Amino acid sequence: MAEQEGSGLQVLLSTLQSSSDKAAILTILQLLGDLLSVGTDRRIHYMINKGGSEALLKTLVDTSRTASPDYDILLPLFRLLAKVGLRDKKFGQKALELEALDVTLILTRKNLSHSQNLLHCLWALRVFASSATTGAMLGINGAMELLFKVITPYTRKRTRTIRAATEVLAVLLKSRSNSRRAVNRGYVTSLLRLHQDWHSRDTTNTYVLIRRGLLLCLKRIVTLSSGREAFLAAQGMETLFSITQNCLDNESMEPVISAVFQILRQCYPKSPLPLVTACSAYAFPVPGNIHSVPPCAATEEDFEDEGDEMDKDSDLEDAKEQDDDLETDMEKLSFKPGLDRPEEELKQYEAMCLELSYGFKELEPKLGHDLNFEDIQSANRDHIPTAASPKQHCMHKDQISCGKEREDTVQASVLSVVKMGRSAAHLSSKTRLVMNTYQNAPPNGLGIDSLGNDISDVHHFLEEDLEAFSCPRLNASFSNSTRPRDTVDVIDKLLHTHAKNIPFHDPYLYMAKARRTKSVVDFKMLAFPDLWGHCPPPFSQSMLGRKCGVQRIKISEDVRRLIQPSDVINRVVFSLDEPWPLPDKASNCLRFFSKFESGNLRKAIQVREFEYDLLVNADVNSAQHQQWFYFKVSGMRAAIPYRFNIINCEKPNSQFNYGMQPTLYSVREALLGRSSWIRTGHDICYYKNHYRQSAAVMGGASGKCYYTLTFAVTFPHSEDVCYLAYHYPYTYTALMTHLEILEKSINPREIYFRQEILCQTLAGNPCPLVTITATPDSNSADNLEQFRHRPYHVITARAHPGESNASWVMKGTLEFLISNDPVARLLRENFIFKIIPMLNPDGVINGNHRCSLRGEDLNRQWLSPKAHLQPTIYHAKGLLHYLSSTGRGPVVFCDFHGHSQKKNVFIYGCSIKETLWQANCTVGASALLEDVSYRTLPKILDKLAPAFTMSSCSFLVEKSRASTARVVVWREMGVSRSYTMESSYCGCNQGPYKGLQFGTSELEEMGAMFCLGLLILELKSGSCSHQLLTRASALLNAGEDALDHHLQR
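Residues numbered from 1 in each chain as written. Predicted model: local features only at pLDDT ≥ 70, side-chain atom pairs only at ≥ 80, totals over all residues. Heavy atoms only, no water.

### Remarks on the overall build of the protein chain
- Each helix and strand counted, the protein chain has 41 helices and 20 strands in total.
- Of the contacts made within the protein chain by residues no fewer than 6 positions apart, 80% connect residues no fewer than 24 positions apart.
- Within the structure as shown, the protein chain displays about 41500 Å² of accessible surface, and the carbon and sulfur contribution to it stands at 52%. (Helix = DSSP H or I, 4+ residues; strand = E, 2+ residues; numbered from the N terminus. Contact = heavy atoms within 4.5 Å. Areas by Shrake-Rupley, 256 points an atom, 1.4 Å probe, with all protein chains shown as cover.)

Encoded structure:
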């Protein structure tokens, strides 16, 4: 049957080429038109394969070369050519070989006054021009000059033909040679004049598509540097900018507005950043050579239109998951045990696993008295050494009790969180509070704090000394201050009172710890939020709805700044690189500061009275990774929207486009009892700007692109001091303070909590290692045997300094594991947790976003780390090797991270079969046996944790991730459950938290849920003891049966 159909089609095509009978030709053309008008493109491709394109083109040439071309034949023939040509990739070349281009141009010239015939000729030309070669040939043969005879100034006649001509011209101008020809012949000015004429006279927007066609022609031309120069010289920026001012909200003008903004962005003059150097303002002498990865180069076509900005939830991790990045070499996917160091070096890690040899002699019962809590604490300090810490200003007992109370009221409810499901209705009722968080305060917010306490005695202090106290010096001593005694008393009173409100936080201890923290530039100041503390607000915050057209408004403002600079101040008000005039309180500008731990702001430029361009610092010893920011701002007026433009961001997209807001901390609010980081900002947009890195920095390549994060903030108080950050900050000093307070808050008769130093960082800061498990009931042989044979879990975090959300998840994990929660107790009694809560202390301290002090991404150094170059990774890997060498490799290894372009919390794991299947590599995959238990923990978390989603998890092994923690631990140590757990900077788009941004409470809750997941993972394993299963079943089923399905084997 197929042969018959093929034979019939070939007969028709052969007859079409050979026949001179008009009726026969028209009949064949009608049959072919009917054949191709129904069905799918398969019919067209079938006809092409049978020589249909050549037959139609030959018929066109033969008919056109007669003395009097017959348009009864030519018109249906042109319609067929337009339909078939769109599907034939070689159509242009065929037309060129058969001389169809010339005859079509001749017919076009002959029919300039005959609209119907001309329209059909233009349809054919548009198809011919789609090939770069034939498009260039048409340009050489005068096609563009011919089209400008068709494209006239505004008229209501022949508009269909004019529209077709603009479309053909736009396709022709895809050829760079045609674009150069257009520039040389002055067509840029002609196109601008034509568009201006049509725009001004088409008051009813009837001919929007003609105007769009003219703009598309300009868009093609300005891809050339000469085209942009001609466009700017012809005042193109001013012309198109004026068009946008009254049309942004007009939906009928969308095709025009979209094209206008693409041209404006393309033609905005590229300029270097207003910095003395692209390299970091901070430098640190480090061993070895620093191999900085060159930034990716930009291309001229690399710009996005607002219409393309959809919430794709894609990130570099996902972008890398292209098939060409998937590892398909079985040698590199297979388990490859082996040491990267001499075996004798592993002996040093015995001292980090003292739980395997300690005798617990203090647990021997002593005749005549019982061991009380204070005795236990003292004994605990003897056998669990801690990093040197100051004893002055230690946390008071009432603070400890506050922390324990918080355990009982919050942490003990981990099962109820799962059972309740954290209903969306319950959460949405809380979100209504957020929009008026600060607005609900009294006009000056003075007199009564959020707990109803009278604090009117701070009124004078708030008015006179807020700036000084908002960023205290590290060597400050509140008891030896030169300030008036009453002010010192107020500060001490505030600190003493406030400390009770922040569980596991002590400002005095924080300051003492901060004095020991070593920074590159020796920070002298403390950020107030870190000293004072953060208490999660009692509400959740919804994602910010994206304002329609916000990106275009911001681009329009950028263009206005270029062409109407009269109101631009352009004054440097803060810089790490150069001296600047210090603004006083009388000056009409904000005051900025960032030289404190984790701070990052390099330069601030006042653009207009209430608008500032900000530049963040590159990572130390690097010229890239500008994303994290954290700075102080003061001198503001209330009820005034201030606009901040961070103009040197690097990532190509951000969740700031999809509902995420930066965070703000108000000192006034904190002193009034509302000491919280909250999400803030409106009119938020993240888009590519006109700044480029110089070719010299790029080694001769075209310059790297930068992106602007722009947002407006209306501050809650005048003359406040506020801090703005990319995400909720969590400093190294906060971690060290937290660990010491945790150690002092536990009962060592129940909890074995050991804090020690894994190693020293390059800057000389101790990297803490924490061990948590249950203290054995006694030092009997049976109890010690059970204690020493508990399996390990290893958890790490904060390899990337800018991912502060990972530290908040880790904080939740640590607090849960030492809590009185029955799940935590079961975990401690059955596992030993080795935790490295901060793998990159130096990066965190110095405000880096991604790297260590060597400018290296530490999560790309796990394959071959060096002790003197990447000490934290070297010793973390060494500890894992030691555990594996003793047969105690971890059941689960998990590295906590933050994710900038996806929502929710999810896991990346490793699977050979899934990787080979995704890469369509079937060699050996079908016969490969693989334990699928690596999927169990993510599936458990998907059911337990409100923020977690299985749908975003991936278990592919990419070539570009070969040196990450999860892949190296999986491959070299054989840990099948080796994971990276990613938490969004933004929030959730599924589950009970759908539509909400993450606060620190949700992140800490995720840390607790991860622990609960580990327990259920053990219950589902075949090695789970009957005793644990019995106890856990009674616990998980108590009150409700909501968790029964998790225990099904």
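### Looking at helix α15 (residues 225–233)
- Every buried residue of α15 is accounted for by Gly-227, Arg-228 and Phe-231. Along the axis of α15, the buried residues cluster in a sector spanning 100°; they form a single face. Residues of α15 that are exposed and point more than 90 degrees away from the buried face comprise Glu-229 and Ala-233.
- For α15, the secondary structure elements touched by its buried residues are α12 (176–184), α13 (187–201), α14 (208–221), α16 (236–244) and α17 (254–267). (Buried < 20%, exposed > 50% of the residue type's maximum accessible area, 1.4 Å probe, protein only. Arc of directions from axis to C-beta.)

### What to know about the nonpolar core
- Formed by 136 residues in total, the largest nonpolar core has its most connected members in Phe-592, Phe-644 and Tyr-723.
- The contacts of Phe-592, once residues within four sequence positions are left out, are Val-573, Phe-574, Leu-601, Ala-604, Tyr-612, Leu-614, Phe-631, Lys-632, Val-633 and Phe-644.
- Core analysis: the second largest hydrophobic core is formed by 98 residues, Ile-44, Leu-119, Leu-194 and Leu-240 among them. (Core = buried A, V, L, I, M, F, W, Y, C linked by side-chain atoms within 4.5 Å.)

### A closer look at the sheet that holds strand β4 (residues 603–608)
- Spatially, 6 strands are ordered β2-β4-β5-β7-β11-β10 in an open sheet, and the strand pairing comes out mixed. The open sheet has two edge strands with one neighbour each: β2 (571–575) and β10 (682–692). Across this sheet, the average inter-strand angle for adjacent strands is 25°, counted without regard to direction.
- Taken together, the 5 bridges between β4 and strand β5 (residues 611–615) define a ladder with antiparallel strand orientation. Bridge pairing in β5 places Ile-605 opposite Asp-613.
- Here helix α29 (residues 550–563) sits on the sheet and contacts β4, β5, β7 (641–649), β10 and β11 (705–714); the angle it forms with β10, its principal contact strand, is near 50°. (Pairing = 2+ DSSP bridges. Axes fitted to C-alpha atoms, helices over the stretch in contact; angles between N-to-C directions.)

### Let's talk about the environment of Val-171
- Structurally, the position occupied by Val-171 is in helix α11 (residues 159–172).
- Along the backbone, Val-171 and Ser-130 are 41 residues apart, and their C-alpha atoms lie at a distance of 6.2 Å.
- The contact partners of Val-171, leaving out residues within four places of it in the chain, are Arg-126, Ala-129 and Ser-130.

### Describing the packing of aromatic side chains
- Applying the stated criterion across every chain yields a total of 38 aromatic pairs.
- An angle of 50° between the planes, with centres 5.9 Å apart, marks the rings of Phe-592 and Phe-631 as tilted. Placement of the pair is Phe-592 in strand β3 (residues 591–593) and Phe-631 in strand β6 (residues 630–634), with a sequence separation of 39 residues. Just as Phe-592 is buried, Phe-631 falls in that class too.
- Considering the side-chain rings of Tyr-752 and Phe-787, the 5.8 Å spacing of their centres and the 65° angle between planes classify their relative orientation as edge-to-face. In this pair, Tyr-752 is assigned in strand β13 (residues 751–760) and Phe-787 in helix α32 (residues 781–788), connecting sequence segments 35 residues apart.
- Accessibility expressed as a relative area gives 1% for Tyr-752, which makes it buried.
- Seen from the ring of Tyr-874, Arg-341 lies directly overhead, with NZ or CZ sitting 3.8 Å from the centre.
- Positioned above the aromatic ring of Phe-906, the side-chain terminus of Lys-902 is 4.6 Å from the ring centre. (Phe/Tyr/Trp six-rings, centres within 6.5 Å; stacked < 30°, edge-to-face > 60°. Lys NZ or Arg CZ within 6 Å of the ring centre and 35° of its normal.)

### Focus on the pairing of β7
- β7 sits mainly inside the fold: 8 of its 9 residues count as buried.
- With 4 bridges connecting them, β5 and β7 associate as parallel partners. Bridged to Tyr-612 within β7 is Phe-644.
- Of the pairings in the sheet, the one linking β7 to β11 comprises 7 bridges and is antiparallel in character. What sits directly across from Tyr-642, in β11, is Val-713.

### Overview of the environment of Val-222
- Along the chain, Val-222 falls in the loop between α14 and α15.
- Residue Val-222 is classed as buried on the basis of its relative accessible area of 1%.
- Sequence spacing of Val-222 and Val-183 is 39 residues, and the spatial spacing of their C-alpha atoms is 9.3 Å.
- In this structure, Val-222 is in contact with Gly-227, Arg-228, Phe-231, Ile-263, Gln-266 and Cys-267, ignoring residues within four places of it in sequence.

### A look at helix α33 (residues 804–817)
- Under the 1.5 Å per step criterion, the end-to-end length of α33 is 20 Å for 14 residues, consistent within 8% with the ideal 20 Å.
- For α33, a buried count of 14 out of 14 residues is recorded, marking the element as mostly surrounded by other parts of the structure. (Expected span 1.5 Å × (residues − 1).)

### With respect to the UniProt feature "active site" (unreviewed entry) in the protein chain
- Under the present numbering, the feature "active site" (unreviewed entry) in UniProt falls on Glu-982.
- Of note, Glu-982 is situated in strand β19 (residues 978–984).
- On the basis of relative accessibility, which here comes to 5%, the residue Glu-982 falls in the buried class. (UniProt positions renumbered as here; feature names shortened; annotations may be inferred.)

### So, the pattern of salt bridges
- Applying the stated criterion across every chain, the model contains 43 salt bridges.
- Among the salt bridges present, the one from Asp-340 reaches Lys-877, with a minimum N-O distance of 3.0 Å. Taken together, the residues span a long stretch of sequence, with Asp-340 in the loop between α19 (330–333) and α20 (373–383) and Lys-877 in helix α36 (residues 871–885) at a distance of 537 residues.
- Residue Asp-340 is classed as partly exposed on the basis of its relative accessible area, which comes to 30%.
- Glu-756 is paired through a salt bridge with Arg-754; the nearest N and O atoms lie 2.9 Å apart.
- Classification of Glu-756 as buried rests on a relative accessible area of 10%.
- Accessibility expressed as a relative area gives 4% for Arg-754, which makes it buried.
- Each member of the salt-bridge network shares a partner with another, and the members are Arg-561, Asp-567, Arg-608, Glu-611 and Asp-613. (Salt bridge = Lys/Arg side-chain N within 4 Å of Asp/Glu carboxyl O.)

### Focus: the packing of α13 against α14
- One way to put it is that α13 packs onto α14 with a least axis distance of 9 Å and a crossing angle of 155°. Between α13 and α14, the interaxial angle falls into the category roughly antiparallel. For the pair α13 and α14, the crossing hand works out as left-handed. Of the residues in α14, those in contact with Val-188, Leu-191, Leu-192, Leu-194, His-195, Trp-198 and His-199 of α13 are Ile-210, Arg-211, Leu-214, Leu-215, Cys-217, Leu-218 and Ile-221. (Parallel < 35°, antiparallel > 145°, perpendicular 65-115°, else oblique. Left-handed = near helix turned anticlockwise from the far one by under 90°.)

### Describing the side chain of Arg-602
- Locating Arg-602 in the fold gives a position in the loop between β3 and β4.
- Judged by relative accessible area, Arg-602 falls into the buried class, the value being 1%.
- At 3.2 Å, the side chain of Arg-602 forms a polar contact with the backbone oxygen of Thr-277.
- Separated by 2.7 Å, the side chains of Arg-602 and Asp-577 make a polar contact. (Polar contact = N/O pair within 3.5 Å; in protein donor to acceptor, adjacent residues only side chain to side chain.)

### Comments concerning the sheet that holds β3
- The strand order β3-β6-β12-β8-β9 describes an open sheet built from 5 strands, whose pairing is antiparallel. The open sheet terminates on both sides in strands that have one partner only, identified here as β3 and β9 (678–679).
- Pairing of β3 with β6 involves 3 bridges; the strand directions are antiparallel. Among the inter-strand pairings, Phe-593 is bridged to a residue of β6, identified as Lys-632.

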